[in-house]
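Secondary and tertiary structure notes
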Amino acid sequence: MNLASVSLKVDTMVLTTNPMALLNDPMGQAIIDYAQNKATEDITVLSDICDDDHIPVSYLFREYDEMPEMEKQALNECKGRVLDIGAAAGMHAQFLIEKGHVVNTIDRSENAIRHLKAKGVPAEHVDFFDYKGTDYDTLLLLMNGIGIAKNLDNLKHTLSKAKSMLRKNGKILCDSSDIKYLYQDDEGGMWVDLNTSYYGNFKFKMKYKEHESEWFEWLYVDFEKLREIAEDVGFKVRKITEIDNQYLAELTQI
């Protein structure tokens, strides 16, 4: 499995200003290094299931023309006041600001927030579940940002929190992937029992130079599960597009 191909974006688990803890902020440090001197060392993503993957830091600094069509479509679907959740280097936020949107960003990476503020992007170093902001028209969760739910059991709570942050008729734009194919053998059979733990519950660790995160949970959710849970929370759900195993969804508050 190539994690970059399913647009993994994970914000790190650092929530402290302790300088030593910044060693646990590999993505943030990679962003700082690239912004300052175009450092070319990749971010390594380790999984409890798949082979290691390597993400070029430049991938976090793409211009609009370099983005895949699904990301472009999501950005063009944004309306009004936008919150970019897990903004990383801020490529989506900057595009939206240039288009005239009022945009705020949050991320758990202290170094990512330093970078965003240096670029003049409104940014707050905070966990999504602790964020107090409300009255947004659009919550943007791109590059599998819905993975912040950690696991399927926590998805309902995550969407309920998101709903409380939206204005009437506000919406969530998120993409994810149905990764069932990872568990299929050559004959199309499954080598895991899909009735036990949900197959989209993952654990990852990130490394960059001497910086290394702890293991953390991340969710990939198939569209039918997302729709079922989102409708239960009170969203109207629309699949905007689907390419291979990846999809872009719009969840509108009813």
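Look a little higher up for the structure.
Sequence order as written defines the numbering, with residues in each chain counted from 1. Reporting in this predicted model follows two pLDDT cut-offs: at least 70 for local features of residues, and 80 or more for side-chain atom pairs to be given and counted; totals over whole chains, interfaces and linings ignore these cut-offs and use all residues. As a convention, hydrogens and water are excluded, and side-chain values are obtained from all of the structure's heavy atoms.

**Remarks on the pattern of salt bridges**
Put simply, the rule reads: By definition, a salt bridge exists where a carboxyl oxygen of Asp or Glu is found within 4 Å of a side-chain nitrogen of Lys or Arg. Secondary structure elements follow DSSP: runs of H or I no shorter than four residues count as helices, runs of E no shorter than two count as strands, and numbering proceeds from the N terminus. Here's how the labels work: a residue is buried when its accessible area is under 20% of the maximum for its type, exposed when over 50%, partly exposed in between, all with a 1.4 Å probe on protein chains only.
Evaluated as defined, the whole model comprises 13 salt bridges. Across the pair Arg238 and Glu77 runs a salt bridge, and its minimum N-O distance is 3.5 Å. Highlighted residues: Arg238 in strand β11 (residues 235-243) and Glu77 in helix α2 (residues 69-77), separated in sequence by 161 residues. Relative accessible area serves as the criterion here: at 37%, Arg238 is assigned to the partly exposed category. One salt bridge in this structure joins Arg227 and Glu224, with 2.5 Å as the shortest N-O distance. A residue pair is termed a helical-turn pair when its members lie 3 or 4 positions apart in one helix, as Arg227 and Glu224 do in helix α6 (residues 223-233) at 3 residues. A residue is classified by how much of its surface remains accessible, and Arg227, at 29% relative accessible area, is partly exposed. Shared partners join several salt bridges into a network, and the residues in it are Glu77, Lys171, Arg238 and Glu250.

**So, the sheet that holds strand β4 (residues 103-107)**
Threshold: Two strands pair under a simple rule: DSSP has to find at least two bridges between them. Here, axes are lines fitted to C-alpha atoms. For helices the fit covers the stretch in contact, and angles between N-to-C directions go from 0 to 180 degrees. Contacts between residues were defined by any pair of non-hydrogen atoms, one from each residue, lying within 4.5 Å.
Overall, mixed pairing links the 7 strands, which are arranged β5-β4-β3-β6-β7-β12-β11 in an open sheet. For this open sheet the edge positions go to β5 (123-125) and β11, each flanked by a neighbour on one side alone. Taken pair by pair, the neighbouring strands of this sheet meet at an average axis angle of 20 degrees, ignoring direction. Here strand β6 (residues 136-141) runs beside strand β7 (residues 166-177); their pairing, made up of 5 bridges, is parallel. Within β7, the residue paired with Leu140 across the bridge is Leu173. Of the strands in this sheet, β6, β7, β11 and β12 (246-253) are in contact with α2, which crosses β11 at around 150 degrees. Lying on the sheet, helix α3 (residues 91-98) is in contact with β3 (82-85), β4 and β6; it crosses β4 at an angle near 170 degrees.

**Thoughts on the packing of aromatic side chains**
Put simply, the test is: Ring pairs are drawn from Phe, Tyr and Trp, using the six-membered ring of Trp, whenever the two centres fall within 6.5 Å, and their geometry is named by plane angle: stacked under 30 degrees, edge-to-face over 60, tilted for the rest. Only when the NZ of Lys or the CZ of Arg is both within 6 Å of the ring centre and within 35 degrees of the ring normal is a charge said to sit over the ring.
A complete count under the given rule lists 11 aromatic pairs for this structure. Pairing Tyr64 with Phe95 gives two aromatic rings, centres 4.4 Å apart and planes at 5 degrees, and the pair type is stacked. Here Phe95 lies in helix α3 and Tyr64 lies in the loop between β2 (53-55) and α2, a separation of 31 residues in the sequence. Consider the rings of Tyr131 and Tyr136, whose centres lie 6.5 Å apart with planes at 35 degrees: the pair is tilted. Across the pair, Tyr136 and Tyr131 agree in class, each one buried. The side chain of Arg62 reaches across the aromatic face of Tyr59, ending 3.8 Å from its centre.

**So, a negative patch on the surface**
Here is the rule: Residues enter patches when their relative accessible area tops 30% and they take part in no salt bridge; the joining distance is 9 Å for like charges and 5 Å for the nonpolar side chains Val, Leu, Ile, Met, Phe, Trp and Tyr. The accessible surface values rely on the Shrake-Rupley method and a 1.4 Å probe; as for residues, cover is taken only from the protein chains in view. Positive charges come from Lys and Arg, negative ones from Asp and Glu, while His and the chain ends are left out of the count. A single reference atom marks each charge: NZ on Lys, CZ on Arg, CG on Asp, CD on Glu.
Residues Glu63, Asp65, Glu66 and Glu98 make up a contiguous surface patch of negative charge. Considering the arrangement of structural elements, one finds Asp65 in the loop between β2 and α2.

**A look at the environment of Leu248**
Within the secondary structure, Leu248 sits in strand β12. The exposure class assigned to Leu248 is buried, which follows from its relative accessible area of 0%. The spacing of Leu248 and Met143 is 105 residues in sequence and 9.9 Å in space, taken between C-alpha atoms. Discounting chain neighbours no more than four positions away, the residues touching Leu248 are Met70, Gln73, Ala74, Leu142, Cys174, Asp175, Arg238, Lys239, Ile240 and Thr241.

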